[in-house]
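# Report on the structure
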Amino acid sequence: MAIERTLSIIKPDATRRNLTGRINAKFEDAGLRIIAQKRIKLSPEQAGKFYEVHKDRPFYGELVEFMASEPVVVQVLEGEGAIAKNREVMGATNPAQADEGTIRKEFALSVGENSVHGSDAPETAREEIAFFFSGLELVG
Ligand code: DAT
Ligand code: MG
């Protein structure tokens, strides 16, 4: 398995509850290296653009409002098979279906307020990393 990079976001429900360090420990324990990280507040326009792929879903408005409600921590994780590994560490979208030990099982409040985002494929990972980070900010 190749070394990959993936885009992770610690969402407002988690930053609000001061969970950034505990979530980062889960990534690091799984062998994912945090090679870039910043805390930002998204505008509704930026959140809407990031989640544009979901614009026709019924929850889109609520998702955009939530993501712009409070600061988020955006980060790039690097490691062997990082995209799939991060999805494993995150757990299922709906915390009620997430496995024991996953971030969403432990910390998510609901399917909407589910603590973390992670890219789902190599192409989306590339696009999502470029959405938030310049090449100069990425030191492997
Ligand atoms: P994931 O974040 O696991 O990749 P997704 O891409 O299908 O899941 O959806 C993006 C986000 O949209 C998800 O993290 C939370 C929100 N969402 C998804 N399904 C939802 C639903 N049924 N009700 C409310 N929010 C939902
Ligand atoms: Mg997704």
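All figures in this text were calculated on a predicted structure; none of them were measured in a lab.

Mapped onto the present numbering, the UniProt feature "domain: Nucleoside diphosphate kinase-like" (unreviewed entry) falls on residues 3-140. The span residues 3-140 shows a helical share of 40% and a strand share of 20%, and its end C-alpha atoms are spaced 10 Å apart.

A word on the layout of surface pockets. If you add up the space inside the largest pocket, you get close to 700 Å³. As for the largest pocket, its lining consists of 28 residues, and the residues nearest its centre are Lys11, Tyr51, His54, Leu63 and His117. Among the elements that make up the lining of the largest pocket, the one with the highest residue count is helix α7 (residues 122-132) (four residues). Taken together, the residues of the lining of the largest pocket break down into ten nonpolar, nine polar and nine charged.

Turning next to the environment of Ala130. Structurally, Ala130 is set in helix α7. Look at Ala130 and you get exposed, because its relative accessible area is 56%. For Ala130 and Pro58, which are 72 residues apart along the polypeptide, the C-alpha to C-alpha distance reads 27 Å.

What surrounds ligand 1 is the set Lys11, His54, Phe59, Leu63, Arg87, Thr93, Arg104, Val111, Gly112 and Asn114. Taking Arg104, its side chain carries an N or O atom lying 3.0 Å from an oxygen atom of ligand 1. For ligand 1, whose accessible area on its own is 520 Å², the fraction buried by protein is 77%. More than half of the atoms of ligand 1 fall within 2 Å of the grid points belonging to the largest pocket. Partitioning the shell around ligand 1 into residue classes produces three nonpolar, four polar and three charged.

What follows covers the packing of aromatic side chains. Inspection of the entire model under this criterion finds four aromatic pairs. Arranged with centres 5.5 Å apart and planes meeting at 65°, the rings of Phe50 and Phe131 form a pair that is edge-to-face. With Phe50 in helix α3 (residues 44-50) and Phe131 in helix α7, this pair connects stretches of sequence that are 81 residues apart. Taking the relative accessible area as the measure of exposure, Phe50 reaches 9% and is therefore buried. Looking at Phe131, the relative accessible area reads 31%, which means it is partly exposed. When the ring of Phe131 is compared with that of Phe132, the centres are 4.8 Å apart and the planes differ by 70°; the resulting orientation is edge-to-face. The exposure class assigned to Phe132 is buried, which follows from its relative accessible area of 10%. Taken together, the ring pairs connect Phe50, Tyr51, Phe131 and Phe132 into an aromatic cluster. Just above the ring of Phe133 sits the side chain of Lys38; from NZ or CZ to the centre is 4.5 Å.

Parameters and conventions
Residues numbered from 1 in each chain as written. Chains lettered and ligands numbered in written order. Predicted model: local features only at pLDDT ≥ 70, side-chain atom pairs only at ≥ 80, totals over all residues. Heavy atoms only, no water. UniProt positions renumbered as here; feature names shortened; annotations may be inferred. Helix = DSSP H or I, 4+ residues; strand = E, 2+ residues; numbered from the N terminus. 1 Å grid on protein atoms, 1.4 Å probe; cavity = no way out; pocket = protein on both sides within 12 Å on 5 of 7 lines; lining within 4 Å. Points joined across faces, edges and corners; volume = space filled by probe spheres on them. Nonpolar A, V, L, I, M, F, W, Y, C, P; charged D, E, K, R; others polar. Buried < 20%, exposed > 50% of the residue type's maximum accessible area, 1.4 Å probe, protein only. Near = heavy atom within 4 Å. Polar contact = N/O pair within 3.5 Å; in protein donor to acceptor, adjacent residues only side chain to side chain. Areas by Shrake-Rupley, 256 points an atom, 1.4 Å probe, with all protein chains shown as cover. Sits in = over half its atoms within 2 Å of the grid points. Phe/Tyr/Trp six-rings, centres within 6.5 Å; stacked < 30°, edge-to-face > 60°. Lys NZ or Arg CZ within 6 Å of the ring centre and 35° of its normal.

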